[in-house]
Every structure is written in C-alpha cells, then in structure tokens.
Amino acid sequence: MKRVTKLPINPLPTAKFSGVRGDPSSLSLSQLFLPQLATHGSIMKPVYSILVLVITFITFCKAAIVQLTDENFSDLVKKEDEWLIDFYADWCGYCKRLEPKFQAADRMLKFDKTHSHVQLGKVNVDNNPGLAARFFISRLPTLVHIKDREVRQVQSTRTDNDIISFVTLEQWRDVKPKNGLLSPFSLFGHLVGFTGKLVKKVSSYSPWTLIGLLTGFLILSFGLLVLSNKKTASPTMAADNTEQQGSKDTEDIPKQIANRASLRERKSKRVD
C-alpha cells in the first residue's frame, strides 16, 4: 500500500489594515474599509464632486412635463402662461411614438433662454374627460399650443424640431385660434367640459341604476307638472265663480227694484 503523506496546511495570510485592531475576519465591512477610505479622503472628495455634478445635470436634463387633470388645470394654466399640451391615451400607439419627441422638445426648450418659460403638459383623455370635451379632442395624439388663452393645434409633430419650431419660430401666428364658443376657456367650453365629466360619471353606473334614476326623474317631472296645472287652474276657477256671482247679482237688481215698487203700490192702496 502506498503511504499518503499529509502536507502541512499553512494558514492563509491575513491582510494588515491600518487602524484596525483584532482579527480582520471577525470585523464587518464598514469596520474594515472605513479607515482606509478616511486615509484617502483627498481622493474621494473630487469623486463626490463629480458625482454631484453628474446627478445635477441629469436632473436638469430630465423632462419636467406636468400631468394636467380636470382638477388642477384651472390652477396651473394661467392667463399669461404659454403651454404645449399633449392629449394622449395609454392604448394609443401613435401617442407612444410622440412621447420621446415631446420629451426632447421639453429639454431643448429648457436650454433656450428666450423660450424657457414655455411649459409642457400632458392630459390623459380617459382619466380626464372634462378637458377632452373642452378642447374638442377628436383624434389622438393631439398637440395644442396655448398663449394668452388662445388655443391653436400644432399642425406637424413628425419630429421634435417641428414641435420646437412651432414655438421658437412663432409658427403659431399662422394658425387660426379657437375663439368664441369653440374656445375651451369660454362659458360654452366650460359647459361642454362639465357635460363630458357628467357623461363619464353616469357611464360608470349599472344599467338598472340608470333606469331607476330615469324613472324617478320622469315621475317627479310628471308630478310637478300636474301640481303646477292645479295651481294655475284654481285662480282661474275662482275668477270665473266671481264673474258668475257678479252677473247673477246684476240680473237680480231689476227684480229687486220691481219687487220694491210693487210693495210700495200695495202699501199705498192700503192707505187709500
């Protein structure tokens, strides 16, 4: 049989850590590496500064597009503001294609000092039927420009440059705005928006609930109609009765005069 010689196993060399006491294997990572990082603080400070600058740059470049809703639209969109608003839906494929172009336009406008005041917003037409009705949205995506509460539709959205040029080159001046009744900021526009929200709210109820509400409304309307007819009929009947009574009194006057005359004649005969 062959003899198996056991080789001596030497312990693994342990690294020497400056500022660390005891066995390194029993220490945590923070206890092992923090002293080393502290000794190289002069190297880490520039790294931290670069990281802060990179994070700031990314945050600044990130598109700050505002999500507009039926509730916050009036508070955010002021009369003197200039806006580009994208009307979209989650199920719309063309809307998804427009999204990166819209975000690129937002970043480029932020770097333009002349037009950095232009704000960009998005409206989900499924969640905000009031705004979709107010702006008479008939197709998706629809990009509108608002300045001094004059609403114009952006004609071309093929590239981000088309969107930017509409603002920077003031191409919106060549587009006729929606004024008068068609303006989303008019009284009629607000009424249409309220109707849109009401229809969306009503459509969320079950058909039986709607039938019950409609039946109750019809019964209430019929009852009010009958009650109003009775009220108008009662003064008319009272007036007719008064006229009839007056006519009867008028007809009885000659009879009363004749009766009085006959009584006087009888009395005179008796005296004679």
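Residues numbered from 1 in each chain as written. Predicted model: local features only at pLDDT ≥ 70, side-chain atom pairs only at ≥ 80, totals over all residues. Heavy atoms only, no water.

**Considerations on the overall build of the protein chain**
(1) Moving on: On a plain count of helices and strands, the protein chain comes out with 8 helices and 5 strands.
(2) Moving on: In the protein chain, the succession of α and β elements from N to C terminus is α-α-β-α-β-α-β-α-β-β-α-α-α.
(3) Moving on: Every one of the 272 residues in the protein chain was classed for burial, and the buried ones make up 24%.
(4) Moving on: Roughly 20500 Å² of accessible area belongs to the protein chain as shown, and the carbon and sulfur atoms make up 62% of that amount. (Helix = DSSP H or I, 4+ residues; strand = E, 2+ residues; numbered from the N terminus. Buried < 20%, exposed > 50% of the residue type's maximum accessible area, 1.4 Å probe, protein only. Areas by Shrake-Rupley, 256 points an atom, 1.4 Å probe, with all protein chains shown as cover.)

**Side note on the confidence of the model for the protein chain**
(1) Moving on: Confidence in the prediction for the protein chain averages 77 pLDDT; 61% of positions are at 70 or higher.
(2) Moving on: The low-confidence segment residues 15-20, where pLDDT is below 50, has 9 contacts with residues more than four positions distant or belonging to other chains. (pLDDT = per-residue confidence, 0-100. Contact = heavy atoms within 4.5 Å.)

**Considering the pairing of strand S2 (residues 82-88)**
(1) Moving on: Within S2, 7 of the 7 residues are buried, leaving the element largely enclosed by the surrounding structure.
(2) Moving on: Across the two faces of S2 the burial is the same, with Glu82, Leu84, Asp86 and Tyr88 and Trp83, Ile85 and Phe87 all buried.
(3) Moving on: Both S2 and strand S4 (residues 142-147) contribute to a ladder of 6 bridges, which runs antiparallel. Its bridge partner lying in S4, Asp86 is registered against Leu143.
(4) Moving on: In this structure, S2 lies alongside strand S3 (residues 119-124), joined through 6 bridges in parallel fashion. When the sheet's bridge partners are listed, Tyr88 is paired in S3 with Asn124.
(5) Moving on: Taken together, S2, helix H4 (residues 93-111) and S3 constitute a β-α-β crossover, and its handedness is right-handed. (Pairing = 2+ DSSP bridges. Right-handed = clockwise from strand over helix to strand, strands pointing away.)

**Concerning the nonpolar core**
(1) Moving on: Ranked by size, the top nonpolar core spans 19 residues in total, and within it Leu68, Phe73, Ile85, Phe87, Phe135 and Ile146 carry the most contacts.
(2) Moving on: If you tally residues by element for this core, the top one is S2, at 4 residues.
(3) Moving on: Apart from residues lying up to four places away in sequence, Phe73 is in contact with Leu68, Ile85, Leu131, Arg134, Phe135, Ile146 and Phe185.
(4) Moving on: Ranked by size, the runner-up nonpolar core spans 15 residues in total, among them Phe102, Leu109, Leu120 and Val167. (Core = buried A, V, L, I, M, F, W, Y, C linked by side-chain atoms within 4.5 Å.)

**Considerations on a nonpolar patch on the surface**
(1) Moving on: A surface patch of nonpolar side chains, about 840 Å² in accessible area, is lined by Phe136, Leu181, Leu182, Phe188, Leu191, Phe194, Leu198, Val202 and Tyr205.
(2) Moving on: Within the element layout of this structure, Phe136 appears in the loop between helix H5 (129-134) and S4.
(3) Moving on: Take Phe136: its relative accessible area is 31%, and that puts it in the partly exposed class. (Patch = residues over 30% accessible without salt bridge, like charges linked within 9 Å, V, L, I, M, F, W, Y side chains within 5 Å. Salt bridge = Lys/Arg side-chain N within 4 Å of Asp/Glu carboxyl O.)

**Digging into the pairing of strand S5 (residues 150-153)**
(1) Moving on: The pairing of S4 with S5 spans 4 bridges and is classified as antiparallel. From the neighbouring strand, Lys147 faces S5, where its bridge partner is Glu150.
(2) Moving on: Once S4 ends, the chain turns through 2 residues before running back antiparallel as S5, passing Asp148 with a positive phi of about 55°.

**Some details on the packing of aromatic side chains**
(1) Moving on: Taken as a whole, this structure holds 3 aromatic pairs when the rule is applied.
(2) Moving on: Seen in terms of ring centroids, Phe73 and Phe185 are 6.2 Å apart; in terms of plane orientation they differ by 25°. Their pairing is stacked. Note that Phe73 is positioned in helix H3 (residues 73-76) and Phe185 in the loop between helix H6 (160-168) and helix H7 (187-203), a separation of 112 residues in sequence. Judged on exposure class, the residue Phe73 and its partner Phe185 are both buried.
(3) Moving on: In this structure, Lys122 is placed above the aromatic ring of Tyr88, and the distance from its NZ or CZ to the ring centre is 4.5 Å.
(4) Moving on: Across from the ring centre of Phe185, 5.8 Å away, lies the NZ or CZ of Arg134, which sits over that ring. (Phe/Tyr/Trp six-rings, centres within 6.5 Å; stacked < 30°, edge-to-face > 60°. Lys NZ or Arg CZ within 6 Å of the ring centre and 35° of its normal.)

**Brief notes about the packing of H4 against H6**
(1) Moving on: Running from N to C, H4 and H6 cross one another at 45°; their axes reach a closest spacing of 8 Å. Judged on the interaxial angle alone, H6 and H4 are oblique. In this structure, the crossing between H4 and H6 has a hand that is right-handed. Here Leu98, Lys101, Phe102, Ala104, Ala105, Met108 and Leu109 of H4 lie close against H6, whose contacting residues are Asp160, Asn161, Ile163, Ile164 and Thr168.
(2) Moving on: Considering only residue class, the contact of H4 with H6 consists of 8 nonpolar, 2 polar and 2 charged. (Axes fitted to C-alpha atoms, helices over the stretch in contact; angles between N-to-C directions. Parallel < 35°, antiparallel > 145°, perpendicular 65-115°, else oblique. Left-handed = near helix turned anticlockwise from the far one by under 90°. Nonpolar A, V, L, I, M, F, W, Y, C, P; charged D, E, K, R; others polar.)

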